[in-house]
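Results of the structural survey
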Amino acid sequence: MSGNMNLTLKVWRQKNAKATGKLETYKVADISPDMSFLEMFDVLNEQLITKGDEPIAFDHDCREGICGMCSMYINGRAHGPKSAITTCQLHMRSFKDGDTIVVEPWRAAAFPVIKDLTVDRSAFDRIISKGGFISVNTGNAQDANCLPIPKTDADASFEAAACIGCGACVATCKNSSAMLFVSAKISQLALLPQGQVERISRAKNMVAQMDDEGFGNCTNTGACEVECPKGISLENIARMNREFFVANIKE
Amino acid sequence: MSTTSGKFLQSSLGKKLLMGLTGLFLVSFLIVHVSINACIYFNDGGATFNAAAHFMAHNPVIRVVEIGLFVGLLAHVVQALVLTMQNNKARPVKYAVPAGNVSSKWYSRSMGVLGSLLLIFLVVHLANFWVPTKQAVFAGHEHDTFAGLKEVFAKWYFVALYMVGVLSLGYHLLHGFQSAFQTLGLNHKKYTPMIKSVGFWFSIIITLLFASMPITMHLGLIK
Ligand code: HEM
Ligand code: SF4
Ligand code: FES
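Residues numbered from 1 in each chain as written. Chains lettered and ligands numbered in written order. Predicted model: local features only at pLDDT ≥ 70, side-chain atom pairs only at ≥ 80, totals over all residues. Heavy atoms only, no water.

Another point: the site of ligand 1. Surrounding ligand 1, one finds 27 residues, the nearest of these being A:T219, B:H76, B:H172, B:S179 and B:T183. Among the chains of the assembly, those with residues near ligand 1 are chains A and B. B:H76 places a side-chain nitrogen or oxygen 2.8 Å from a nitrogen atom of ligand 1. Taking B:A180, its main chain carries an N or O atom lying 3.5 Å from an oxygen atom of ligand 1. Residues belonging to the shell around ligand 1 are distributed by class as follows: 13 nonpolar, 13 polar and one charged. (Near = heavy atom within 4 Å. Polar contact = N/O pair within 3.5 Å; in protein donor to acceptor, adjacent residues only side chain to side chain. Nonpolar A, V, L, I, M, F, W, Y, C, P; charged D, E, K, R; others polar.)

Time to look at the nonpolar core. A general tendency of soluble globular proteins is for nonpolar side chains to be buried together. A:V182 and A:F215 are the most contacted members of the largest nonpolar core, which has 41 residues in total. Those elements giving two or more residues to this core turn out to be helix 2 (122–129), helix 4 (168–172), helix 5 (179–190), helix 6 (199–212) and helix 8 (235–250) of chain A together with helix 1 (12–37) of chain B. Two domains each donate at least three residues to this core, and these are domain 1 (5–115) and domain 2 (122–250) of chain A. For A:V182, the contacting residues outside a window of four places in its chain are A:I127, A:M206, A:M210 and A:M240. Within the second largest apolar cluster, 31 residues are counted, among which are B:V27, B:F121, B:L149 and B:I195. (Core = buried A, V, L, I, M, F, W, Y, C linked by side-chain atoms within 4.5 Å. Buried < 20%, exposed > 50% of the residue type's maximum accessible area, 1.4 Å probe, protein only. Helix = DSSP H or I, 4+ residues; strand = E, 2+ residues; numbered from the N terminus. Domains from an automatic or database assignment. Contact = heavy atoms within 4.5 Å.)

Further remarks concern the coordination of the iron atom of ligand 1. All names here are of chain B. Each protein donor to the iron atom of ligand 1 is listed here as H76 (NE2) and H172 (NE2); together their distances run 2.0 Å. Because the angles between the six donor atoms bound to the iron atom of ligand 1 fall within 87 to 180 degrees, the donor set is best described as octahedral. Taken as a pair, H76 in helix 3 (residues 60–89) and H172 in helix 6 (residues 156–183) lie far apart in primary sequence, 96 residues in all. Pair check on accessibility: H76 and H172 agree, each one buried. (Donors = N, O, S within 2.8 Å, 3.2 Å for Na, K, Ca; no water. Tetrahedral: all angles 85-135°; square planar, octahedral: opposite > 155°, others 65-115°.)

Now the structure itself:
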């Protein structure tokens, strides 16, 4: 079909967490511009399997921008050349026939490579387990109107809650800082009445876990905000800082 | 629920707070410094400038603030070193294709390098002016700082070094000024744009003012 593309791919191949990896070069032909980037990878993997080679391991699940699994660092940008989307939402029409595309895993000490392009993001889960929740008694849900919440707070909380934990903020940050992620998770709860009970311990413990995992320190370059597929704003980092300072003054 | 966080200043956010506070403190010093230096533009053979310099060298309050300034600068530099080293460790394997300038400004990613250039400049700068003034004060005789300025800026290589130092300062502030407020937790739909434009113009004006001094002195425009 006309308009289809032939591409050269340089993909990070690494057998396991301990092995040293390297960039391998592959060719794919007749790629439709309407394919998603992951579908192009499916084509490449079919090709490898047919040849009897090991397919490239990469994470994916929903393929519609909501699960946050599809971590790929493409041509120097998290989730590829477009801002505010995931890799599964990236279409091949963003590339030109004959392009060379370099695909690397997220790079961070806290996100070790498991195999090829898959990384271990369980550091995020451990941070969440330190306070990214609220404690409620089970039983009947109470009437929503019993808890008046200002519309602006509800909106800000909702925007923070849009974070899908994809890790693009860490991947793109020159410091591998997780502060956009952690601040979104602290903010979404700190803004709501339900989040008040654990407010102090949440700020202290989640930040402490973030530090323990070996993420770097934010220098406010703002790259995370640009690359975040869910438009999480730097305002959340400032809010996290306030939450943390106030928590430390109080306790 | 138990609290697992360690000492405040050992946490990432605690260190960043110290960074931001010391940074803003140093900014306040710059305002005083540039105002005193601007006295050379009275163009009165350094009379006003030397009077201001004399006041600064002998006022007891300024002596105390001077100590605070050194402590603040030291804290800023030490903290910068610790944070930058941690940040490098947080990404042991670098990307084959590094991130370009699409998602962030080069100077926001170069605060450590800009700060280091600044530190080198500061050492030379202190040796040029601060040390001779101190020696004179301790020896108990009057120091003609203005004559010192003329002597140093007669040499082109000092003028060049000062340009590098001042330009590093300019870019350091271009990111640092607004960055400090974000670090302190001040990010607001209404005020952040104001802070950003104040920071932008402050950086430009400070840079131009400081840069103008060695140049005008070198060209002999200041008598
Ligand atoms: C002398 C050596 C210096 C070094 C090595 C240095 C280094 C750094 C570094 C690494 C940062 C952190 C980057 C960031 O947060 O974005 C920083 C921030 C900053 N620096 Fe410096 N700096 C130095 C001197 C100065 C001076 C003289 C000033 C002011 C006149 C200054 C003002 C600031 C400000 C306002 C910040 C922002 C703080 C923040 O974002 O939390 N620095 N500096
Ligand atoms: S803040 Fe954005 S980039 Fe970071 S994990 Fe959440 S959705 Fe992904
Ligand atoms: S595969 Fe779910 S967000 Fe991309």
